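Fold and contact review
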Amino acid sequence: MAHLRPHHDLATHDVTNQPPPFEGVNLFESDTALKDAVTKNRGGQHKTALTKFGKQCGSEEAIDWARHANKNPPQLKSFDRY
């Protein structure tokens, strides 16, 4: 399984081709197509709320929640044999 945060400082060589962690990104502000669609469909009054929501969704905390959710998939606990 690949590491979430790969090691950059190795004794044998320097790793320079790794992108930075995808955290601290405002997912609304960084999505030009979504912003244009909101504007085109007269959703301008919601831009403040969408900007706040986009910041929360791209936060380090939300990314950590997603990682934990993917590690622990839902499990069925049936209460009846049918």
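Our subject is the structure that appears above.
Residues numbered from 1 in each chain as written. Predicted model: local features only at pLDDT ≥ 70, side-chain atom pairs only at ≥ 80, totals over all residues. Heavy atoms only, no water.

The subject of this paragraph is the overall build of the protein chain. Within the protein chain, the regular secondary structure consists of 3 helices and 0 strands. Restricting to contacts in the protein chain with at least 6 residues of sequence separation, those with at least 24 account for 47%. Working note: accessible area of the protein chain is about 7700 Å², and carbon and sulfur atoms make up 56% of it. (Helix = DSSP H or I, 4+ residues; strand = E, 2+ residues; numbered from the N terminus. Contact = heavy atoms within 4.5 Å. Areas by Shrake-Rupley, 256 points an atom, 1.4 Å probe, with all protein chains shown as cover.)

Positive phi, close to 60°, is recorded for Arg42, a residue that is not glycine. Note on placement: Arg42 falls in the loop between helix H1 (32–40) and helix H2 (47–57).

Here we take up the pattern of salt bridges. Applying the stated criterion across every chain, the model contains 2 salt bridges. Close ionic contact of Glu29 with Lys35 constitutes a salt bridge, the shortest N to O distance being 3.6 Å. Put simply, Arg67 and Asp64 hold a salt bridge, and the shortest N to O gap is 2.6 Å. In this pair, Arg67 and Asp64 are both assigned in helix H3 (residues 60–71), 3 residues apart and thus about one turn of the helix distant. (Salt bridge = Lys/Arg side-chain N within 4 Å of Asp/Glu carboxyl O.)

Further remarks concern the side chain of Asn26. Within the element layout of this structure, Asn26 appears in the segment before H1. Of note is the side chain of Asn26, whose polar atom sits 3.1 Å from the backbone oxygen of Thr51. If we ignore the near neighbours within four places in the chain, the residues touching Asn26 are Thr51, Gly54 and Lys55. (Polar contact = N/O pair within 3.5 Å; in protein donor to acceptor, adjacent residues only side chain to side chain.)

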